[in-house]
Amino acid sequence: MTPKKYLLNTIKKRKRVPKKIRSKTNLNNFIYKKCLCCVELSEVLSVWNELQSKRMLCDGIVRTSDGELFYIHRIVLCSISKYFKAYFTDCLGGGLNEIKELKLDDVDSPSIKTIIDFAYTGKCKLTEENVFNIIPVADRFCCFGLLNFCWKFLLQKINPENCIGILKFSKHYFFCIEIQNKCWSYICGYFVEVYRTSKEFLQLTKQELSQILSDDRLNVNDEYLTFEAIQIWINFDPDKRKSDLKDLLKCVRFGYMNRNYFYKVVKLICYNEDTKEILDLAEIIVNLKHELKPIEVTSMTKPRLPFEVLFVIGGWTVDSPTSVIETYDIRSDQWLMNNNTDIIARAYHGVALLDNLIYIIGGFNGTEHFNSMRCYDPTTQTWTEKAYMHNARCYVSVCVLNGEIYALGGFNGYARLKSAEKYNPLTNQWEMLPSMNRPRSDANAVAFKDKIYIAGGFDGTDIMCSVEVYSLSTQQWVYVANMNQCRSGLGLLQHKGILYAIGGYNGNSRLNTVEKYHTDKRLWEYTNSMKTQRSNFASAVLRDKIYVIGGFNGSHTINSTECFDPNSHQWYILTDTKINRSAAVACVCKNLNNAEIYLYSYQAKLTEGKCNAEHQREITASGDDSI
């Protein structure tokens with residue numbers, strides 16, 4: 001009898017339980033067995049790991065250069081490495097004889113143990129010291145899962161002191177283009193910290209340094225920083241590097257260097273026969289820029305792309321909500337309207353930024369109070385729907401802490417809320433949290449050092465000056481020192497450990513006052529006031545300055561913008577936004593690959609180019625080819 005017939009006969013002979021008996025059977029007495037296809041990978045790995053640790057059912061040996069033996073299951077190592085699969089199955093020998101022992105004369109036992117640990121558990125113990133030894137071994141044996149694990153670990157540990165070394169190390173490996181791009185972006189984004197603290201920076205070649213200094217994405221607020229980096233690099237080995245100064249000066253964008261600095265530092269220090277030609281040209285550029293005269297666009301006059309882009313989204317215009325996005329070009333002090341508006345217009349919503357994704361939370365459109373959340377990706381310029389909150393919330397306070405979004409208080413159309421919830425982007429789920437001590441709508445919140453601060457707001461009866469703090473460790477809300485003024489519709493931002501409470505409404509009038517809270521002193525004190533009284537405005541920190549945009553001044557929505565310099569304690573008037581709005585939100589995206597599309601200066605060039613092309617087509621069509 002064939003196996004197929006035997007199986008069919010067995011199925012036919014199997015006794016069925018009568019319906020009457022089945023209906024009376026207590027289901028709790030049945031033991032439900034999990035199907036093999038439903039077993040989680042972690043359970044399978046756990047069994048394999050236990051067997052390997054006890055040397056049970058092992059069918060292979062790996063022998064290292066220091067003489068240590070590892071008893072393994074060949075199928076487990078084959079599952080993570082094409083190299084091991086080819087070796088143990090004797091692929092080169094035609095697969096006639098399986099091989100049971102692998103002898104490695106040039107690999108030490110710690111490296112092989114790491115590979116084996118990863119094969120059996122899906123993880124391994126990495127440090128900043130051993131990861132550079134493990135990557136070459138993992139690459140040699142084609143353990144791509146372990147390689148990805150190592151590269152992710154390195155990117156989490158990247159800092160100004162090691163980013164150049166990681167970039168150079170990654171260039172030895174073919175499948176590391178993404179890693180190299182991320183390292184390069186980090187170097188450009190945190191260039192000032194890199195050249196001031198990194199010993200690796202001093203070891204760059206002239207070509208490598210030129211490549212960094214020539215990048216449009218180099219994050220320098222002023223070109224004197226570029227020159228300072230050149231000085232530090234040359235002074236490390238002046239005898240050999242002094243001759244490189246001429247070529248490196250060509251990388252400086254002199255059109256964006258302070259005129260006084262050029263004359264008192266650059267020209268004074270560097271002017272000689274070798275640099276005369278380049279510095280004479282630089283002097284012309286600096287003076288033309290100072291006199292606000294037009295300059296031909298060259299490598300020395302081209303503006304760099306900003307490392308940070310300020311977005312303002314949604315809000316309330318004259319009599320309706322809007323979904324308009326505006327971005328701020330800090331180089332030209334101009335606002336640019338963006339076409340990638342959401343399908344849903346909303347105001348009095350919250351905003352959160354995670355991994356350069358902009359999350360728009362809750363809000364109100366004039367008729368409906370939202371519990372929805374939308375996500376805008378500035379890189380792909382697309383909107384997506386995310387999980388809904390448990391409660392509808394407009395006038396909601398939002399902040400980000402440890403990779404999660406917190407939505408606090410608000411108004412659901414019926415009552416002011418004291419409930420709170422948080423969102424995990426990895427699971428796309430909201431989770432309820434302990435409620436605040438008081439209901440708060442139209443308040444504002446900020447995160448700092450594993451704590452969430454929420455200040456002011458309206459509880460349905462009173463405008464408040466109280467401040468509450470939520471601690472992740474205790475998961476409790478406690479009161480801290482009150483603000484000096486009651487405020488709803490205020491701005492609350494954190495900068496270098498200091499909280500700033502800005503503007504708002506005190507029940508009688510809109511405010512322009514500003515007070516700051518030292519988290520160590522636990523004390524509120526006044527600082528210089530804004531130029532304009534406003535509430536329900538958008539606010540964000542951009543390049544170490546606090547920006548406030550739009551709002552309501554007591555009679556109408558406004559479009560005025562100003563920024564506060566915490567160092568000088570002064571407010572400065574900036575260019576107005578394109579539209580008047582209040583109840584909007586603002587956030588700052590860093591290191592966007594396509595930052596230029598959000599810049600006024602770039603779009604102006606495109607428009608000019610299109611106009612010139614249209615004009616040329618008209619000339620061609622008319623037959624007039626004269627210049």
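Once a new chain begins, its residue numbering starts again from 1 and follows that chain's sequence as written. Side-chain atom pairs in this predicted model are given and counted only at pLDDT of 80 or more, local residue features only at pLDDT of at least 70, and totals for whole chains, interfaces and linings cover all residues. Just so you know, side-chain values use all the structure's heavy atoms and leave hydrogens and water out.

If you look the protein chain up in an unreviewed UniProt entry, it shows as Kelch-like protein diablo from Clastoptera arizonana. UniProt positions are given in the numbering used here, feature names are shortened, and annotations may be inferred rather than shown by experiment. In its Function (unreviewed entry) section, the UniProt record describing the protein chain reads: "Probable substrate-specific adapter of an E3 ubiquitin-protein ligase complex which mediates the ubiquitination and subsequent proteasomal degradation of target proteins. May have a role in synapse differentiation and growth."

Draft legend 1. Fine view of unusual backbone geometry. Even without being a glycine, Gln475 presents a positive backbone phi close to 55°. Assignment of secondary structure puts Gln475 in the loop between β17 (467-471) and β18 (476-480). A run of H or I in DSSP counts as a helix once it spans at least four residues, and a run of E counts as a strand once it spans at least two, with each numbered from the N terminus.

Draft legend 2. Representation of the nonpolar core. Phe201 and Phe254 are the most contacted members of the largest nonpolar core, which totals 83 residues. By convention here, the domain bounds are inherited from an automatic or database domain assignment. Taken together, domain 1 (41-157) and domain 2 (204-301) each give at least three residues to this core, which thus spans both. In this structure Phe201 touches Ile164, Phe191, Val194, Tyr195, Leu209, Ala229, Ile232 and Trp233, once residues within four positions along its chain are discounted. Within this scheme, the nonpolar core is defined by two criteria: the residues are buried Ala, Val, Leu, Ile, Met, Phe, Trp, Tyr or Cys, and they are joined through side-chain atoms within 4.5 Å. Type-normalised accessible area, obtained with a 1.4 Å probe on protein chains alone, sets the label of each residue: buried when under 20%, exposed when over 50%, and partly exposed for intermediate values. In this analysis, two residues are considered to be in contact whenever any of their non-hydrogen atoms come within 4.5 Å of each other.

Draft legend 3. Main features of the confidence of the model for the protein chain. pLDDT runs from 0 to 100 and stands for how confident the predictor is about each residue. Of all residues in the protein chain, 88% attain a pLDDT of 70 or more, and the chain-wide mean is 87. Within the model, pLDDT remains below 50 along residues 608-627, and this stretch shows two contacts once partners closer than five positions in the same chain are excluded.

Draft legend 4. Focus on the sheet that holds strand β16 (residues 451-455). Any two strands with at least two DSSP-identified bridges between them are counted as paired. Reading across from one edge, β15-β16-β17-β18 is the order of the four strands in this open sheet, with antiparallel pairing throughout. Lying at the two open borders of the sheet, with one neighbouring strand each, are β15 (444-448) and β18. In this sheet, adjacent strand axes meet at a mean angle of 25° when their direction is disregarded. Here five bridges tie β16 to β17, and the two strands are oriented antiparallel to one another. Each residue of the ladder has a partner; that of Ile454, found in β17, is Glu468. All axes here are fitted lines through C-alpha atoms, helices being fitted over the stretch that makes contact, and every angle between N-to-C directions spans 0 to 180 degrees.

Draft legend 5. Spotlight on the side chain of Arg374. Summarising the element assignment, Arg374 is placed in strand β9 (residues 373-377). Here a polar contact is taken to be a pair of N or O atoms separated by no more than 3.5 Å, where protein atoms must pair a possible hydrogen donor with a possible acceptor and residues adjacent in sequence count only if both atoms sit in side chains. Side-chain polar atoms of Arg374 contact the side chain of Asp342, separated by 2.7 Å.

Draft legend 6. Looking closely at the sheet that holds strand β26 (residues 570-574). Pairing within the open sheet is antiparallel, and its four strands lie in the order β23-β24-β25-β26. Both edges of this open sheet fall to β23 (538-542) and β26, since each of them pairs with a single strand only. Pairwise comparison of adjacent strand axes, ignoring direction, gives a mean angle of 25° for this sheet. Across five bridges, strand β25 (residues 557-565) lies against β26 in antiparallel orientation. If you follow Asp565 over to β26, its bridge partner there is Gln570.

Draft legend 7. Spatial organisation of the pattern of salt bridges. We define a salt bridge as a contact between a side-chain nitrogen of Lys or Arg and a carboxyl oxygen of Asp or Glu at a distance within 4 Å. Taken as a whole, this structure holds 28 salt bridges when the rule is applied. A salt bridge links Glu50 to Lys54; its shortest N-O distance comes to 3.1 Å. In this structure, Arg74 and Asp59 form a salt bridge, with 3.5 Å as the shortest nitrogen-oxygen distance. Of this pair, Arg74 sits in helix α4 (residues 74-80) while Asp59 is found in the loop between α3 (41-53) and β1 (60-63), placing the two residues 15 residues apart along the sequence. The exposure class assigned to Asp59 is partly exposed, which follows from its relative accessible area of 33%. Each of Asp59, Arg74 and Glu98 takes part in a single network of salt bridges with overlapping partners.

Draft legend 8. Seen up close, the packing of helix α17 (residues 259-270) against helix α18 (residues 276-290). Relative to each other, α17 and α18 sit at 175°, their axes nearing to 11 Å. One element, α17, and the other, α18, form an angle in the roughly antiparallel class. Residue-level inspection shows Arg259, Phe262, Tyr263, Val266, Lys267 and Cys270 of α17 in contact with α18, the latter providing Leu279, Ala282, Glu283, Val286, Asn287 and His290. Looking at the contact of α17 with α18 residue by residue, the classes come out as seven nonpolar, two polar and three charged. When an angle is under 35 degrees it counts as roughly parallel; over 145 it counts as roughly antiparallel; between 65 and 115 it counts as roughly perpendicular; any other value is oblique. Amino acids outside the nonpolar list (Ala, Val, Leu, Ile, Met, Phe, Trp, Tyr, Cys, Pro) and the charged list (Asp, Glu, Lys, Arg) are all regarded as polar, and Gly is one of them.

Draft legend 9. Spatial organisation of the environment of Ile232. Relative to the helices and strands, Ile232 is located in helix α14 (residues 224-236). The class of Ile232 is partly exposed, set by a relative accessible area of 32%. Here the alpha-carbon distance between Ile232 and Leu202, two residues 30 residues apart in the chain, equals 7.8 Å. Setting aside residues no more than four positions away along its own chain, Ile232 makes contact with Tyr195, Phe201 and Leu202.

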